[in-house]
Amino acid sequence: MVKEARAQRIASYVADWPKEKVTAFQQDFLAWYDEENRHLPWRESQDPYRIWVSEIMLQQTQVATVIPYFERFMAWFPTIADLAAAPEDQLLKAWEGLGYYSRVRNMQFAAQTIMEEYDGEMPRDLKSLLALKGIGPYTAGAIASIAFNQPEPAVDGNVMRVFSRLFGITEDIAKPSTRFIFEGVVRHTISPQHPSEFNQAIMDLGATICTPTSPKCEACPLAAYCLAYQMDEREKYPIKSKKTKVTPHYYLALAMQDAEGRWYLEQRPTTGLLANFWTFPLVTLDKKSYTRFKQQWEDAQTRDAGEQILELVAEDEPSLVEHLTEEVANVIWQKEVVGEIQHVFSHQKWHVLIAYGYQAEVSDDQTGWYYPTGWSDLPFPKPQQKIVEILQKQKYIED
DNA sequence: AAGGCGGGGTC
DNA sequence: GACCCAGCCTT
């Protein structure tokens, strides 16, 4: 049985760790944390809401990045009730630049659940936490231990790195099932009196000493306990398979301005990558037409740019064509390409050519047209910010 | 179990 | 430029 095999693996890892050793380990580790812990905004209280927000933000995001976002988020949405009631644009604006935007959408959904089912109070037990949208095994354990002082493991990448080195754990951390091994080992070692400090000590150690590359073992309070250190195998752990493949995507961004100085923006679909974010219209190209288009434009050939753009739009999704044909048709397109940006996501690389078009009239239907001063409330993803930067540099947009 | 989902950092 | 960091969701 799988469960038994797992239990055996766990038992073999902690076989060298009798009670006395575990106790000494906890004392050394907690003493270190007492001296060296980082002073962070969400550590100023045990408010479960603040802990929750910080843990969601800290997923795949570094502490230094999170701090200003956290302060602003708490100012904008001081309570769970405020979060539950926030308008979506403001919500995305609060998260703009942090990435993985479903995190904040799920958090709002969970906030609404807490308002309806728990009278606005964060539930304390693991099962209820786990049932909330966006709260998985790691975050549930983090909230239960940090906010409510329950001896629950909170296994994230830090824990897997630190504990794989400490115990010489050879399971592939890319496999979802490996989490159970680490949870078992943490349960064996976690301080029952100070689970909050214990779990946070792992996070601090992983961030400052037991780092992914070149760990500072000379400064580590746990070196005496560390199998990887003793075996001089610090670079061997954690063991991880997996390689990500990044697929290229090619776009033409249509930066259109009208006689009033407004720009045309559209909102992305409600699902998928960068859902509900705002960008200039993006026409999908294949690699060939992207290269050809760029080349032709750079060579300043005589063929009318607007005609080309219309063709490209016509080849694209019908919905976009329907939405844009009129605007595109009335725009006078500049023959030179304004610029090009690239942006790498975790699984996609975008190549975007920027076309600039001017519309002498003001269209009757004014939806979608924004002054730069008026679009500051709209959430822009990173590629859109890069495009705007180029337009500013070239003085298409005033700073 | 595998893939979608951002953005920042280091070397 | 290549590589590192990696939780939770949906399928």
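Here the structure is shown first, and the text comes after it.
Just so we're clear, the structure is a prediction, and the values are computed from it rather than from any experiment.

So, the protein's contact with DNA strand B
Inspection of the region around DNA strand B gives 16 residues, with Gln60, Tyr100, Tyr101, Leu273 and Leu274 positioned closest. Counting only atoms of DNA strand B within 4 Å of the protein, the fraction found in sugar and phosphate groups is 60%. The separation between a sugar or linking oxygen of DNA strand B and a polar main-chain atom of glycine 97 is 3.3 Å. Contact distances for DNA strand B include 2.4 Å between a phosphate oxygen and a backbone N or O atom of leucine 274. Classifying every residue of the surface near DNA strand B by side-chain character gives 6 nonpolar, 9 polar and 1 charged.

Notes on helix 10 (residues 157–167)
Judged by how many residues are buried, helix 10 sits mostly within the fold: 10 of 11 residues are covered. Within helix 10 the residues assigned to the buried category are Asn158, Val159, Met160, Arg161, Val162, Phe163, Ser164, Arg165, Leu166 and Phe167. On its buried face, helix 10 sits against helix 1 (2–13), helix 2 (19–36), helix 11 (178–189), helix 12 (195–208) and helix 13 (227–230). Near the N-terminus of helix 10, the side chain that reaches the backbone nitrogen of asparagine 158, with its oxygen 3.1 Å away, is that of aspartate 156. Within two residues after helix 10, glycine 168 carries a phi angle of roughly 60°, on the positive side.

A word on the pairing of strand 1 (residues 247–258)
Within strand 1, 9 of the 12 residues are buried, leaving the element largely enclosed by the surrounding structure. Pairing between strand 1 and strand 8 (residues 348–359): 12 bridges, direction parallel. When the bridges of strand 8 are listed, leucine 254 appears paired with alanine 355. With 4 bridges connecting them, strand 1 and strand 5 (residues 282–285) associate as antiparallel partners. Bridge pairing links leucine 252 to valine 283 in strand 5.

Basis of the calculations
- Residues numbered from 1 in each chain as written.
- Chains lettered and ligands numbered in written order.
- Predicted model: local features only at pLDDT ≥ 70, side-chain atom pairs only at ≥ 80, totals over all residues.
- Heavy atoms only, no water.
- Near = heavy atom within 4 Å.
- Polar contact = N/O pair within 3.5 Å; in protein donor to acceptor, adjacent residues only side chain to side chain.
- Nonpolar A, V, L, I, M, F, W, Y, C, P; charged D, E, K, R; others polar.
- Buried < 20%, exposed > 50% of the residue type's maximum accessible area, 1.4 Å probe, protein only.
- Helix = DSSP H or I, 4+ residues; strand = E, 2+ residues; numbered from the N terminus.
- Contact = heavy atoms within 4.5 Å.
- Pairing = 2+ DSSP bridges.

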